[in-house]
Amino acid sequence: MATRVNFSDAHYNSQTYKTYNDPIHGHIEIPFYSNQIIDTPQFQRLRDLKQLGCSYLVYSGASHNRFEHSIGVGYLAGKLLQKIKVIKKNG
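Residues numbered from 1 in each chain as written. Predicted model: local features only at pLDDT ≥ 70, side-chain atom pairs only at ≥ 80, totals over all residues. Heavy atoms only, no water.

Engineer: Go over the overall build of the protein, please, and point to the residues and values.
Structural biologist: Counting its secondary structure elements, the protein contains three helices and three strands. When the helices and strands of the protein are placed in sequence order, the string is β-β-β-α-α-α. Here the protein holds 91 residues, and the buried ones make up 23% of them. Taking contacts inside the protein between residues at least 6 apart in sequence as the whole, the part at least 24 apart equals 28%. Total accessible area computed for the protein in this model is approximately 6,900 Å², and 58% of it derives from carbon and sulfur atoms. (Helix = DSSP H or I, 4+ residues; strand = E, 2+ residues; numbered from the N terminus. Buried < 20%, exposed > 50% of the residue type's maximum accessible area, 1.4 Å probe, protein only. Contact = heavy atoms within 4.5 Å. Areas by Shrake-Rupley, 256 points an atom, 1.4 Å probe, with all protein chains shown as cover.)

Engineer: Go over the nonpolar core, please, and point to the residues and values.
Structural biologist: Judged by nonpolar contacts, Tyr20, Ile28, Ile30, Ile38, Phe43, Leu46, Phe67 and Ile71 together constitute the single largest core of eight residues. Those elements giving two or more residues to this core turn out to be strand E3 (26-31) and helix H3 (66-90). In contact with Ile30, other than residues within four places in its own chain, are Thr16, Tyr17, Lys18, Tyr20, Asn35, Ile38 and Ile71. (Core = buried A, V, L, I, M, F, W, Y, C linked by side-chain atoms within 4.5 Å.)

Engineer: Which residues make up a nonpolar patch on the surface, and what values go with them?
Structural biologist: A cluster of nonpolar side chains, Tyr56, Leu57, Val58 and Tyr59, forms an exposed patch at the surface whose accessible area comes to about 480 Å². Tracing the backbone shows Leu57 in the loop between helix H2 (41-44) and H3. (Patch = residues over 30% accessible without salt bridge, like charges linked within 9 Å, V, L, I, M, F, W, Y side chains within 5 Å. Salt bridge = Lys/Arg side-chain N within 4 Å of Asp/Glu carboxyl O.)

Engineer: Give me the lowdown on the packing of aromatic side chains, citing residues and values where you can.
Structural biologist: What describes a pair of aromatic rings is the distance from one ring centre to the other and the angle between the planes of the rings. The final tally for this structure, using the stated rule, is one aromatic pair. Aromatic pair Phe43 and Phe67: ring centres 5.5 Å apart, planes at 75 degrees, arrangement edge-to-face. Remark: Phe67 occurs in helix H3 and Phe43 occurs in helix H2; sequence separation between them is 24 residues. Just as Phe43 is buried, Phe67 falls in that class too. Between the NZ or CZ atom of Arg47 and the centre of the ring of Phe67, over which it lies, the distance is 4.0 Å. (Phe/Tyr/Trp six-rings, centres within 6.5 Å; stacked < 30°, edge-to-face > 60°. Lys NZ or Arg CZ within 6 Å of the ring centre and 35° of its normal.)

Engineer: Tell me about the environment of Tyr17, and name the residues and values.
Structural biologist: Within the fold, Tyr17 resides in strand E2 (residues 17-22). For Tyr17, a relative accessible area of 34% translates into the label partly exposed. Separated by 15 residues in sequence, Tyr17 and Phe32 have C-alpha atoms that sit 5.2 Å apart.

Engineer: Hey, could you go over the side chain of Asn35 for me, with residue numbers and the actual values?
Structural biologist: Mapped onto the elements, Asn35 comes out in helix H1 (residues 32-38). Under the relative-accessibility criterion, Asn35 is labelled buried at 1%.

As structure tokens, this is what we get:
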């Protein structure tokens, strides 16, 4: 059964990052400037869009939305950029 990311547990650990607890990636620290984008009405609208369409009607655990997906994609994109910087520096 899939576990949803609980964004209500997010808390500020400093002035520069907001931490989200993600069951797949663990704790995700989002920089303050990215949170300014996340807090916009346009980004918050993604909470209402289902990532998997109507599949939640058949599989009750498939209740992911575009908001959760976007947070995870942003996290993975950041990790990719960090790896590229290391390779380029050592390269």
